[in-house]
Amino acid sequence: MTIPAQQANDGPEALLTVEGLVKHFPITKGLLRRQVGAVQAVDGLTFDVRNGETLGVVGESGCGKSTMGRLITRLLEPTGGRVTFQGKDISHLGVAGMRPLRRDIQMIFQDPYSSLNPRHTVGTIVGAPFKLQGITPEGGVKKDVQRLLELVGLSPEHYNRYPHEFSGGQRQRIGIARALALNPKLVVADEPVSALDVSIQAQVVNLLDDLQDELGLTYVIIAHDLSVIRHVSDRIAVMYLGKLVELTDRTSLYTKPMHPYTKALLSAVPVPDPKRRTKRERILLKGDVPSPISPPSGCRFHTRCWKATEVCTTQEPPLVALEPGHQVACHHPENAPGGAGQAAVAG
Amino acid sequence: MTTDPALHPGEAPTAFLDVRDLRIHFPTDDGLVKSVDGLSFQLEKGRTLGIVGESGSGKSVTSLGIMGLHTVGQYGRGKARISGEIWLDGKELMTADPDEVRRLRGREMAMIFQDPLSAMHPYFTIGHQITEAYLVHNSGADKKTARKRAVELLDRVGIPQPDRRVDDYPHQFSGGMRQRAMIAMALVNNPELLIADEPTTALDVTVQAQILDLIRDLQKEFGSAVIVITHDLGVVAELADDILVMYGGRCVERGPAEKVFYEPQHPYTWGLLGSMPRIDREQTERLIPVKGSPPSLINVPSGCAFNPRCPYADLPAGGVTRTERPELRRVLGGSPAAAGGGGHWSACHLPQEERTRIWTEEIAPKL
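Please read these numbers as outputs of a predicted model, since none were measured by experiment.

Tallying secondary structure elements over chain B gives 12 helices and 12 strands in all. Relative to the compact-globule value of 21 Å for 367 residues, chain B shows a C-alpha radius of gyration of 21 Å, a close match. Seen through its principal axes, chain B has C-alpha atoms that stretch 70 × 50 × 45 Å. Put simply, chain B has 367 residues, and 55% of those count as buried. Counting contacts in chain B only where the partners sit at least 6 residues apart, residues at least 24 apart contribute 65% of the total. Total accessible area on chain B is roughly 15,700 Å²; 51% of this is exposed by carbon and sulfur atoms.

Next comes the structure, spelled out in structure tokens:
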């Protein structure tokens, strides 16, 4: 959390670059598995992740944020577009091709119960990356695993214990230790604290913070909780139905959101302040998120947007920088400089 | 009066809902799980009580206990040992005839569950399930009236085209609509007590906002007493008039929402407030987490359950021993009991002046 928020795109400091990323999951039917449609989980994402920053990705369920996380870690192969890590195109690398890169890109999962093998000891789990990569750290695997356990706030004596002996927060720490084993550059955390209780959640958030300072990590943190995202991120990407609708630094996003969806999302979060309950202006969105199998035409948000006009139903708004470092995909942005919408530009 | 009003056993209460010294224990192979261990509170009609706590603090067990949904027995798996008193509108439920409680359940008291998909029967239409709840309690009514009532309620909770959607199955509804349908089901008999157990936890933020608004509007309209159980301090701040903070099966603090948020008197409440990332302000400070993890309910620490995690446990506590359990005591100096609110109470050994000082000088400036 040390990198200044405003920097030119695609500068030399971009650790990971994503261009036009697409992932469609085919829907098949019948004996011949004929494709009858596709879930357009991720549909054209372009952004970069800069060295040392924390990029927060928010959105509601089904917006494709987890799929995005799995694409940039290459747990999934993109249908289209390009993922470039440190200048190298990794979009279609095979298992073997990805292996050396796995040291640099690691993932922390949401559910600390299902992401640890219950039959393995903590030592085996945290030591697995060394074994897979054929690396013997200085002083041996055991010593290094114990160092990692201490790093994440567990005790080295936990080496021979099994996951079931730990609480949810401690398990999440084990998952973090495993992700850090090989000194990665990029850590993608998919809902790292959403399964944890509030008091434990704060412990893990602080731990992620400390580790970033200590090890110079770059984070992509995916979460649905806008309060957590505000706390941890330098820049934030808001997703809706497989698209990026807004991408900017933390302060601008929370103080002057430009996309109506972002605005509605922020206004919907319950604020822990009983005095504000009556004073708040809340934008209530109608209905639910449409299905990603047949997303709405034009702007995907137009079916729920109170500002939607004719142009929104036909033309898809591109993601453009309306202010330096503040990218928005909307025909009628809020808080726009000079009140100029994009409709004029696009038309 | 500085101790818990709990209680003059057997005496009829003045409050609409009066829970007295409720204990719900489950015998297991590993020992007795004391999920709820001496909980008392009152609730008046027209008010909303928010019960906050982390997983395992006993909040859901409490709600099921009030509804009389535990299988009671001295021995055996899953059997609960329950003691205490639950007075609803002048009737004592714990000693009441089970048939009488069954008549009340769904009619005078109803519940909204966290996960509408598992709380509804996948085999029957939404309409069937709502009319069933109506017909059970209105023996004179015919199916036609019941159906009309179901459509009316679906319309009230904001389901579009209710006369058509009433024949849909739960899987044909989205998560938010299912939660609306469940609220409709709970409201079909105009209950006077509505318990909502994590009503929005499974929902997205934008849908959560819709449901919170709906619950608030419905309460105004029906004037029932509402208990909202949640782990989310944001949700209680939105809905609750009074807040009860649970830890290790007991109430550690209880009072009007503004008191609990702005002048909290228990170190655990401070911990919750400090742990919470804020959406409404720029935070440069680190979060202040509570160290350690929640206690096992089999071996609840003797004395204060929060003792092992409490940063102030070493401060002198006015001649009380560490193993003594702190009782709920009225916070002095505050306004006297507001109507139905029952005043501000906290269970901590630290002298009140010391707690006020810690909160105003050490905690509040960092939040």
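Text resumes after the structure shown.
Along any regular strand, the residues point their side chains to alternate faces of the sheet. Residues and elements named next belong to chain A. Burial along strand E6 (residues 105–108) is two-sided: the face carrying Ile105 and Met107 and the face carrying Gln106 and Ile108 are both buried. As judged from the 4 bridges shared by E6 and strand E7 (residues 186–190), these two strands associate in the parallel manner. For Ile105, the partnering residue across the bridge sits in E7 and is Leu186.

Sheet strands pair via backbone hydrogen bonds, and the direction of the pair is either parallel or antiparallel. All names here are of chain A. Read from one edge of the open sheet, 4 strands run E2-E1-E4-E5, paired in antiparallel fashion. Bordering the open sheet on either side are strand E2 (34–50) and strand E5 (88–89), each of which pairs with just one other strand. Pairing of strand E1 (residues 14–29) with E2, which is carried by 13 bridges, proceeds in the antiparallel orientation. Each residue of the ladder has a partner; that of His24, found in E2, is Gln40.

Going through the model one piece at a time under the given rule, you end up with 7 aromatic pairs over all chains. Ring centres of Tyr240 of chain A and Tyr261 of chain A lie 4.5 Å apart, and the angle between their planes is 55°; this geometry places the pair in the tilted category. You can see Tyr240 of chain A sitting in strand E9 (residues 235–240) and its partner Tyr261 of chain A sitting in helix H9 (residues 260–268), a full 21 residues away along the chain. Of note, Lys142 of chain A hangs over the ring of Tyr159 of chain A, and the distance from its end group to the ring centre comes to 5.0 Å. Stacked on the ring of Tyr262 of chain B, the Lys or Arg Lys275 of chain A has its end atom at 4.3 Å from the ring centre.

This brings us to the nonpolar core. Core analysis: the largest hydrophobic core is formed by 64 residues, its most contacted members being Ile176 and Leu226 of chain A. Sort the elements by how many residues they give to this core and helix H6 (residues 198–215) of chain A lands first, with 7 residues. Residues contacting Ile176 of chain A, with those up to four places away along its chain left out, are Ile108, Val152, Val204, Leu207, Leu208 and Leu211 of chain A. Residues Leu154, Ile159, Leu203 and Val226 of chain B belong to the second largest nonpolar core, which totals 37 residues.

Turning our attention to the domain arrangement of chain B. Residue and element names in this part refer to chain B. Assigned domains within chain B: domain 1 (17–108 + 191–366) and domain 2 (109–190). Its C-alpha centre places domain 1 at a distance of 29 Å from the equivalent point of domain 2. Each side of the interface is counted separately: domain 1 has 36 residues, and domain 2 has 19 residues. Buried area between domain 1 and domain 2, both sides added, is near 2,400 Å², and the carbon and sulfur share of it is 66%. The largest per-residue losses of area from domain 1 upon contact with domain 2 belong to Arg107, Pro191 and Leu214, which jointly make up 21% of the total buried on that side. Put simply, domain 1 and domain 2 have 1 salt bridge between them. Residue Glu221 pairs with Arg156 through a salt bridge whose shortest N-O separation is 2.8 Å. Across the domain 1-domain 2 interface, the total number found is 14 residue pairs in polar contact (both at pLDDT 80 or more).

Our focus in this paragraph is the domain arrangement of chain A. Residue and element names in this part refer to chain A. Examined at the domain level, chain A breaks down into domain 1 (14–104 + 184–346) and domain 2 (120–183). Counting residues at the interface gives 17 residues for domain 1, matched by 14 residues for domain 2. When the buried area of domain 1 at its contact with domain 2 is split by residue, Arg103, Pro184 and Leu207 rank highest and sum to 39% of it. Where domain 1 packs against domain 2, one counts 0 salt bridges.

A few words on the interface of chain B and chain A. By a widely used convention, the size of an interface equals the accessible area lost when the partners come together. Contacts between the two partners involve 47 residues from chain B, matched on the other side by 42 residues from chain A. Between chain B and chain A lies a buried interface of about 4,000 Å² when both sides are counted; carbon and sulfur atoms form 52% of it. Summed over the shared surface of chain B and chain A, the number is 3 salt bridges. For Asp210 of chain A, the salt bridge goes to Arg286 of chain B, with nearest N and O atoms at 2.5 Å. Taken together, the links from chain B to chain A amount to 17 residue pairs in polar contact (both at pLDDT 80 or more). Counting only elements with at least two residues in the side of chain B that touches chain A, the list comes to helix H7 (175–187), helix H8 (205–222), helix H9 (233–239), helix H10 (257–262) and helix H11 (267–275) of chain B.

A word on the pairing of strand E2 (residues 31–43) of chain B. Residue and element names in this part refer to chain B. Of the strand pairs in this sheet, strand E1 (residues 17–28) and E2 are connected by 10 bridges, and their pairing is antiparallel. Note that in E2 the partner of Ile24 across the bridge is Val36. If you look at the hairpin formed by E1 and E2, you'll find 2 residues sitting between the two strands.

Residue and element names in this part refer to chain A. Across the sheet, which stays open at both edges, the 8 strands sit in the order E6-E7-E8-E3-E9-E10-E12-E11 with mixed pairing between neighbours. The sheet is open, and its two edges are formed by E6 and strand E11 (320–323), each paired on a single side. Strand-to-strand twist in this sheet, taken as the mean axis angle between neighbours without regard to direction, amounts to 20°. Pairing geometry for strand E3 (residues 54–58) and strand E8 (residues 218–223), over 5 bridges, is parallel. Paired with Val58 across the bridge in E8 is Ala223. Strands in contact with H6 are E3, E6 and E8; relative to E8, the strand with the most contacts, it is inclined by about 160°.

Residues and elements named next belong to chain B. At a minimum axis distance of 10 Å, the contact between H7 and H8 shows a crossing angle of 15°. The orientation of H7 with respect to H8, classified from their angle, is roughly parallel. Where H7 crosses over H8, the handedness of that crossing is right-handed. On H8, the residues that touch Gly176, Gln179, Arg180, Ile183 and Leu187 of H7 are Val207, Gln210, Ile211, Leu214, Ile215, Leu218 and Phe222. By residue class, the composition of the contact of H7 with H8 is 8 nonpolar, 3 polar and 1 charged.

On to unusual backbone geometry, then. Although it is not a glycine, Glu191 of chain A adopts a positive phi angle of roughly 50°. The residue Glu191 of chain A is located in the loop between E7 and H6 in this model. Exposure remark for Glu191 of chain A: the relative accessible area of 8% places this residue in the buried category. For Gln161 of chain B, which is not glycine, the phi dihedral falls at a positive 45°. Position of Gln161 of chain B among the secondary structure elements: in the loop between helix H5 (143–156) and helix H6 (162–165). Judged by relative accessible area, which is 47%, Gln161 of chain B ranks as partly exposed.

The rules we used
Residues numbered from 1 in each chain as written. Chains lettered and ligands numbered in written order. Predicted model: local features only at pLDDT ≥ 70, side-chain atom pairs only at ≥ 80, totals over all residues. Heavy atoms only, no water. Helix = DSSP H or I, 4+ residues; strand = E, 2+ residues; numbered from the N terminus. Rg over C-alpha atoms; globule rule 2.2 N^0.38 Å. Buried < 20%, exposed > 50% of the residue type's maximum accessible area, 1.4 Å probe, protein only. Contact = heavy atoms within 4.5 Å. Areas by Shrake-Rupley, 256 points an atom, 1.4 Å probe, with all protein chains shown as cover. Pairing = 2+ DSSP bridges. Phe/Tyr/Trp six-rings, centres within 6.5 Å; stacked < 30°, edge-to-face > 60°. Lys NZ or Arg CZ within 6 Å of the ring centre and 35° of its normal. Core = buried A, V, L, I, M, F, W, Y, C linked by side-chain atoms within 4.5 Å. Domains from an automatic or database assignment. Buried area = accessible area lost by both parts, 1.4 Å probe. Salt bridge = Lys/Arg side-chain N within 4 Å of Asp/Glu carboxyl O. Polar contact = N/O pair within 3.5 Å; in protein donor to acceptor, adjacent residues only side chain to side chain. Axes fitted to C-alpha atoms, helices over the stretch in contact; angles between N-to-C directions. Parallel < 35°, antiparallel > 145°, perpendicular 65-115°, else oblique. Left-handed = near helix turned anticlockwise from the far one by under 90°. Nonpolar A, V, L, I, M, F, W, Y, C, P; charged D, E, K, R; others polar.

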